[in-house]
Amino acid sequence: MQFWIKCTRYGKAEPYYVNISLVGGMSREGDKTILEFVGSNAQTIEVMETPEQVLALHLGAPAERV
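Residues numbered from 1 in each chain as written. Predicted model: local features only at pLDDT ≥ 70, side-chain atom pairs only at ≥ 80, totals over all residues. Heavy atoms only, no water.

Draft legend 1. Spatial organisation of the overall build of the chain. When helices and strands are counted, the chain shows one helix and five strands. Seen in sequence order, the chain has helices and strands lined up from the N terminus as β-β-β-β-β-α. Looking at the 66 residues of the chain, the share that counts as buried comes to 27%. Expressed as a percentage of contacts within the chain between residues at least 6 apart in sequence, the contacts between residues at least 24 apart total 31%. As presented, the chain carries roughly 4900 Å² of accessible surface, and 52% of it is formed by carbon and sulfur atoms. (Helix = DSSP H or I, 4+ residues; strand = E, 2+ residues; numbered from the N terminus. Buried < 20%, exposed > 50% of the residue type's maximum accessible area, 1.4 Å probe, protein only. Contact = heavy atoms within 4.5 Å. Areas by Shrake-Rupley, 256 points an atom, 1.4 Å probe, with all protein chains shown as cover.)

See the structure below:
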C-alpha cells in the first residue's frame, strides 16, 4: 500500500505528491477534486483525479468482477 501518491494539480497539469494518510476528506466540485488535509492549519489542494482514482492510486486497482 502506498502512502505517497502522485496526483495532477488542477489547472496546472503538474504532478503533486500527496501523503494520503494526511487527507481527512475529499469532495468533487465540477471537474476537480478537493483534498482536505487534517490538522489545525487545514489546507486544501485541487487535483484532476476523481476520488475513485485517488483511492485506486492508494489501494490499487479494484479486482475485476466475474
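Draft legend 2. View of the sheet that holds strand 4 (residues 32-37). Pairing in this open sheet of three strands is antiparallel, and the strands run 3-4-5 from one edge to the other. With partners counted over all chains shown, the strands left at the sheet margins are strand 3 (23-29) and strand 5 (44-47), one partner each. For this sheet the average axis-to-axis angle between neighbouring strands, irrespective of direction, equals 25°. (Pairing = 2+ DSSP bridges. Axes fitted to C-alpha atoms, helices over the stretch in contact; angles between N-to-C directions.)

Draft legend 3. Layout of the packing of aromatic side chains. In total, this model carries zero aromatic pairs according to the counting rule given. When the ring centre of Tyr 16 is taken as reference, the NZ or CZ atom of Arg 9 above it lies at 5.1 Å. (Phe/Tyr/Trp six-rings, centres within 6.5 Å; stacked < 30°, edge-to-face > 60°. Lys NZ or Arg CZ within 6 Å of the ring centre and 35° of its normal.)

Draft legend 4. Geometry of the environment of Gln 53. You can see Gln 53 is positioned in helix 1 (residues 51-59). Residues Gln 53 and Cys 7 lie 46 residues apart in sequence; the distance between their C-alpha atoms is 9.4 Å.

Draft legend 5. Structural context of helix 1. Three or more residues of helix 1 are buried, namely Pro 51, Val 54 and His 58. The buried residues of helix 1 occupy an angular sector of 60° when the element is viewed end-on, so they sit on one face. Those residues of helix 1 hidden inside the fold are in contact with strand 1 (4-8), strand 3 and strand 4. (Arc of directions from axis to C-beta.)

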